[in-house]
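Reading the structure
Residue strings, one per chain:
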Amino acid sequence: MKELVVISGKGGTGKTSLVASFAALAKDHVMVDCDVGAADLHLVLNPEILESHDYYGGKEAIIDQDLCTKCGKCKEVCRFNAVDDDMMIRPLFCEGCGACVFICPEKAIRLEDSLSGEWFLSDTIYAPMVHARLGIAEDNSGLLVSLIRGKARELAKEQGRNLLITDGSPGIGCPVIASITGADLILIVVEPTLSGMHDLKRVADLTKYFDVDAVVTVNKYDLNEDITNQVEEYCRQNDLQFLARLPYDEAVVRAQIARKPVVSFGESKVATEIKKLYNDVSNILNK
Amino acid sequence: MKIAISTSGTTLDAELDKRFGRAEKFIIYDLDADTFEVIDNAQNLNLSQGAGIQAGKTVANSGAKAVITGHVGPKAYSTLGAVDIDIYFAESGTIQSLVDDFKANKLTKATGPDKDGHW
Amino acid sequence: MKITLASGKGGTGKTTIATNLAYLLSKDKEITLLDCDVEEPNAHIFIKPTWTDSYTTYLPIPKVDMDKCIHCGICGDSCQFSAIANIGDKVLTYPELCHGCGLCMMACPTGAITEQNREIGTVELGHSGNIKMAHGKLRIGEAMSPPLINAVKKHASEDGITIIDAPPGTSCPVIATIQESDFIILVTEPTPFGLNDLKLAVGMVREIGVPMAVAINRSDLGDNAVKEYCEEEGITVILEIPNLRKAAQNYSKGHLIVKEMPELEKHFSGIMASIEKELSK
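Given the structure is predicted, the values throughout are model-derived calculations rather than measurements.

Before going further, it helps to examine the overall build of chain B. Per the secondary structure count, chain B includes four helices and six strands. From first element to last, N terminus to C terminus, chain B shows the α and β order β-β-β-α-α-β-α-β-α-β. For chain B, whose C-alpha radius of gyration is 13 Å, the value lies close to the compact-globule estimate of 14 Å for 119 residues. Overall size of chain B, expressed as C-alpha extent along the three principal axes, is 35 × 25 × 25 Å. Partitioning the intrachain contacts of chain B with sequence separation of at least 6 by distance along the chain shows that 51% fall at a separation of at least 24. Counting only carbon and sulfur atoms, one obtains 47% of the accessible surface of chain B, whose full area is about 5100 Å².

Following this line, the structure appears as structure tokens:
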């Protein structure tokens, strides 16, 4: 079984649109949406949810108001500003560390598992899909990402499917780290801008740090061919395979509005290039 | 000597669970007495982080001097290493077959973690 | 006054609007710009500050004095994050898991645990014209950004205008950035992904309880659903920037679009007045 993870460093480069097209092009695959904080893949793949499960990501402190004497010791020890002036816990800031539980002279505080989100096993016309929704401001997206990757792997094994295609989230932080560890191939989607170039370097460093193979594609390349060339040069100098230049194409937005992958939305220049890119990625994965 | 094996079951026919930190259970096999006990690891499945460390603690507290598992990450590796517990990797097998392989010196000892840290 | 640019979706134009707004406002007063996207800071590309200072930010992690340690194991048992564990006669610490909560230090009965530092990233300070700038760069491989974000936020202006560029999304780094803001501008694009993520961001801002408005970037790109949503929710759209290839090209080169295309200035001109109006509601 192989896993392809698509990330970008910078947001808005077109990861999800590309992954949606890959969903339509691949065979024997399972789709995974690891952008659990702001999932969008379902908007184009239109999953039918078969199972949904609660996700408990961490803990939060609960103060028993009957026992609380408002002494304020919890507020003193809390390093996350999670106790307000009325000595009430602010769940958005509580990290579930238990310092307040320890210090409370009345033993009025306890830690409880906190319901942080949900994950889903779904079906789409292209492949089964595992996705999730993390509650607002919830911590531990890394665990949820690992969880759904694990479930997707199990599902693939059960159904004799041998490819996982994973949509990552922007940035280089914990949800991204959790998406890429152990992957067979990372596809980095870059936009040809100074910002995109800057972020490429950070995300490429991340893949090196975690020792995963990465390939690069530039999306909307015609916006700035100069920088596209710089990206290609950077790849050459840093042991990253540069795979494709996808042109800017209004078909991408039109397809999204129609809730279809670009490659299923009629002919377009970008659809042709995406198909070529997928072929190349597939060949590298199966080497 | 006791060895710990990460597993999904409770009998000698049970299969190896390749994960260490988030293995479902550990079977602690006493090689001298040929008896075993099962330790549940379920509480670590939901840990947001540090499952490898907690599983390492569990194994250390069980008295096992070696672990047979599929993979270990860096934290699990250092936790077990701190108390001189050897790690052996296996791809698959039942508890019984792994115990036999261990006795016959057929398993490879780990010289480092083989997986990155992860959640 | 602290005005934060945030969004649910990445790549909608937070940094574009933050930097261009800061530039325009700085024409007649001092402005502070804080780039809190510490994973991928980009505002400096457009502001091109002269950097004047930088310092490393740390998270406190436990240091155990083994002479005082009695191997009771309370530290490991208390820690919710497995960052410290008593195994046999050793006490192991895992700095990368540590949240810096201080519990192990408090719980240790012999005072054997004190704090030392783990580097999480760097804060850099600079200026360009009337703009004072600060940003953070998270160490690669570091998973915890809020402490670095809070370090950047310490450089907010006391009595002037501070513009804060937030990371995308609705997760903990964003919450750390937007809290204590006076006003939040949610930046979106008029597409299904933009709308979906805008709804998440609106939910987040409502939880925090800060007044907000929406900015629609590339406003003639997609469909009307975002505008309709804003109307239904009673959220004011205070800025719309049309989808212009020339603007995208300028952005790609690291240019401030209002500098290269002064005709775009008019889209920004009413913002401060609109914000004052929203705040007075």
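Before going further, it helps to spend a moment on helix α5 (residues 141-159) of chain A. All names here are of chain A. Between its terminal C-alpha atoms α5 stretches 27 Å, which fits the 27 Å expected from 19 residues at 1.5 Å a residue. Residues of α5 that are buried include every one of Ser141, Gly142, Leu143, Leu144, Val145, Ser146, Ile148, Arg149, Ala152, Leu155 and Ala156, and no others. Phi turns positive one or two residues past the end of α5, at Gly160, with a value near 65°.

Bringing the pairing of strand β6 (residues 113-128) of chain C into the picture now. All names here are of chain C. Relative to β6, strand β3 (residues 50-64) runs antiparallel, the two being bridged by 14 bridges. Within the sheet, the bridge partner assigned to Ile61 lies in β6 and is Gln116. Bridge analysis of β6 against strand β7 (residues 131-138) gives eight bridges, and the strand direction is antiparallel. Across the sheet, the residue bridging to Glu124 is His135, located in β7. Between β6 and β7, which pair antiparallel one after the other, the connecting turn spans two residues, and Gly129 there sits at a positive phi close to 60°.

Take the pairing of strand β4 (residues 109-123) of chain A next. All names here are of chain A. With 14 bridges connecting them, strand β3 (residues 48-63) and β4 associate as antiparallel partners. Paired with Glu48 across the strands is Asp123, a residue of β4. Looking at chain direction, β4 and strand β5 (residues 128-134) are connected through seven bridges and run antiparallel. When the bridges of β5 are listed, Phe120 appears paired with His131. Remark: four residues form the turn of the hairpin made by β4 and β5, two consecutive strands paired antiparallel.

What follows concerns the nonpolar core. Ranked by size, the top nonpolar core spans 37 residues in total, and within it Ile178, Ile184, Leu186 and Leu198 of chain C carry the most contacts. At the level of secondary structure, the elements contributing two or more residues to this core comprise β3 of chain A together with α6 (172-178), β9 (183-188), α7 (192-208), β10 (212-217) and α8 (225-233) of chain C. In contact with Leu186 of chain C, not counting residues within four places along its chain, are Ala6, Ser7, Leu198, Ala201, Val202, Val205, Met212, Ala213, Val214 and Ala215 of chain C. Of all hydrophobic cores here, the second largest spans 36 residues; its members include Leu41, Val44 and Leu163 of chain A together with Phe193 of chain C.

What follows deals with helix α4 (residues 95-103) of chain B. Residues and elements named next belong to chain B. Along α4, the positions that sit buried rather than exposed are Ile95, Leu98, Val99 and Phe102. On an axial view of α4, the arc spanned by its buried residues comes to 100°, and they lie on one face. Buried-residue contacts for α4 involve β1 (2-7), β2 (25-30), β4 (66-69) and β5 (86-89). Among the residues trailing α4, Asn105 stands out with phi positive, at a value near 60°.

How big an interface is tends to be stated in terms of the accessible area lost upon association of its parts. Listed per partner, the contact involves 61 residues of chain C and 62 residues of chain A. Taken as a group, Glu40, Ile140 and Phe193 of chain C account for 16% of the area that chain C buries against chain A, more than any other trio of residues on that side. Summed over the shared surface of chain C and chain A, the result is three salt bridges. Between Arg245 of chain C and Asp222 of chain A there is a salt bridge; the shortest N-O distance is 3.0 Å. Where chain C packs against chain A, one counts 20 residue pairs in polar contact (both at pLDDT 80 or more). Looking at the side of chain C that touches chain A, the elements that each hand over two or more residues are α2 (43-47), α4 (103-107), β7, α6, α7 and α9 (245-252) of chain C. When residues in the side of chain C that touches chain A are grouped by element, the largest group, nine residues, is from α7 of chain C. Grouping the constituent residues of the side of chain C that touches chain A by class yields 25 nonpolar, 22 polar and 14 charged.

The next point concerns the sheet that holds β9 of chain C. Note: strands within a sheet are paired through backbone hydrogen bonds, in either parallel or antiparallel orientation. Residues and elements named next belong to chain C. Ordered by their spatial adjacency, nine strands build an open sheet running β3-β6-β7-β2-β8-β1-β9-β10-β11, and the pairing between neighbours is mixed. Strands at the two margins of the open sheet, each flanked by one partner only, are β3 and β11 (237-241). The average undirected angle you get between the axes of adjacent strands in this sheet is 20°. As paired elements, β10 and β11 share four bridges and run parallel to each other.

Let's shift gears to the pattern of salt bridges. Under the criterion given, the structure shown has 28 salt bridges over all chains. Notably, a salt bridge pairs Glu3 of chain A with Arg149 of chain A, separated by 2.8 Å at the nearest N-O pair. With Glu3 of chain A in strand β1 (residues 2-7) and Arg149 of chain A in helix α5, the pair connects residues that are 146 residues apart, well separated along the chain. Take Glu3 of chain A: its relative accessible area is 1%, and that puts it in the buried class. Between Glu91 of chain B and Lys18 of chain B there is a salt bridge; the shortest N-O distance is 3.2 Å.

Our focus in this paragraph is a negative patch on the surface. A contiguous patch of negative charge on the surface is contributed by Asp184, Asp211, Asp213 and Asp239 of chain A. Examined against the element boundaries, Asp211 of chain A turns out to sit in the loop between α7 (194-209) and β8 (214-219).

Our focus in this paragraph is the packing of helix α2 (residues 51-62) of chain B against helix α3 (residues 74-82) of chain B. Residues and elements named next belong to chain B. With their axes 8 Å apart at the nearest point, α2 and α3 run at an angle of 25° to one another. Taken together, the axis directions place α2 and α3 in an arrangement best described as roughly parallel. Seen from above, α2 lies across α3 with right-handed handedness. Facing α2, whose interface residues are Gly52, Ile53, Gly56, Lys57 and Val59, α3 presents Lys75, Ala76, Thr79 and Leu80. Looking at the contact of α2 with α3, its residues break down into four nonpolar, three polar and two charged.

Calculation rules
- Residue positions within a chain follow its written sequence, with the count starting from 1.
- The naming scheme follows written order: chains are lettered A onward, ligands numbered 1 onward.
- In keeping with the predicted nature of the model, local features appear solely for residues at pLDDT of at least 70, side-chain atom pairs appear and are counted solely at 80 or more, and the whole-chain, interface and lining totals rest on all residues.
- Hydrogens and water molecules were not included; the side-chain quantities draw on all heavy atoms of the structure.
- Helix and strand assignments come from DSSP, with helices taken as H or I runs of at least 4 residues and strands as E runs of at least 2, each series counted from the N terminus.
- Note that the radius of gyration is over C-alpha atoms, with the globule rule given as 2.2 Å times the number of residues to the power 0.38.
- Residues are treated as being in contact if the distance between any of their heavy atoms lies within 4.5 Å.
- Residue exposure ignores everything except the shown protein chains as possible cover, and the areas themselves are Shrake-Rupley values with a 1.4 Å probe.
- Here, expected helix span is obtained from the residue count minus one, scaled by 1.5 Å.
- Summary of the burial criterion: residues with accessible area below 20% of their type's maximum are buried, those above 50% are exposed, and those between are partly exposed, where the area comes from a 1.4 Å probe applied to protein chains only.
- Here a strand pair is declared whenever DSSP counts at least two bridges between the two strands.
- Within this scheme, the nonpolar core is defined by two criteria: the residues are buried Ala, Val, Leu, Ile, Met, Phe, Trp, Tyr or Cys, and they are joined through side-chain atoms within 4.5 Å.
- Read the arc as the range of directions from the helix axis to the C-beta atoms.
- Buried area: the accessible surface (1.4 Å probe) lost by two parts on joining, summed over both.
- Basic side-chain nitrogens of Lys or Arg form a salt bridge, by our definition, when they fall within 4 Å of a carboxyl oxygen of Asp or Glu.
- Whenever a nitrogen or oxygen atom comes within 3.5 Å of another N or O atom, the pair is scored as a polar contact, on the condition that within protein one atom can donate a hydrogen and the other can accept it, and that pairs from neighbouring residues in sequence are kept only if both atoms are in side chains.
- Residue polarity is assigned by list, with Asp, Glu, Lys and Arg as charged and Ala, Val, Leu, Ile, Met, Phe, Trp, Tyr, Cys and Pro as nonpolar; anything else, Gly included, falls into the polar class.
- Every axis corresponds to a line fitted to the C-alpha atoms, with the helix fit spanning only the stretch in contact, and the corresponding angles, defined between N-to-C directions, vary from 0 to 180 degrees.
- Exposure above 30% relative accessible area and no salt bridge define the residues that can form patches, which grow by joining like charges within 9 Å and nonpolar side chains of Val, Leu, Ile, Met, Phe, Trp and Tyr within 5 Å.
- Counting rule applied: Lys, Arg positive; Asp, Glu negative; His and chain ends not counted.
- Note on charges: their place is set at NZ of Lys, CZ of Arg, CG of Asp or CD of Glu.
- Angular relationships are summarised with four words: roughly parallel below 35 degrees, roughly antiparallel beyond 145, roughly perpendicular across 65 to 115, and oblique for the angles in between.
- Left-handed is the label given to a crossing in which the near helix is rotated counterclockwise from the far helix by less than a right angle, and right-handed is the label when the rotation is clockwise.

Everything listed is a geometric property; what it means functionally is a separate question.
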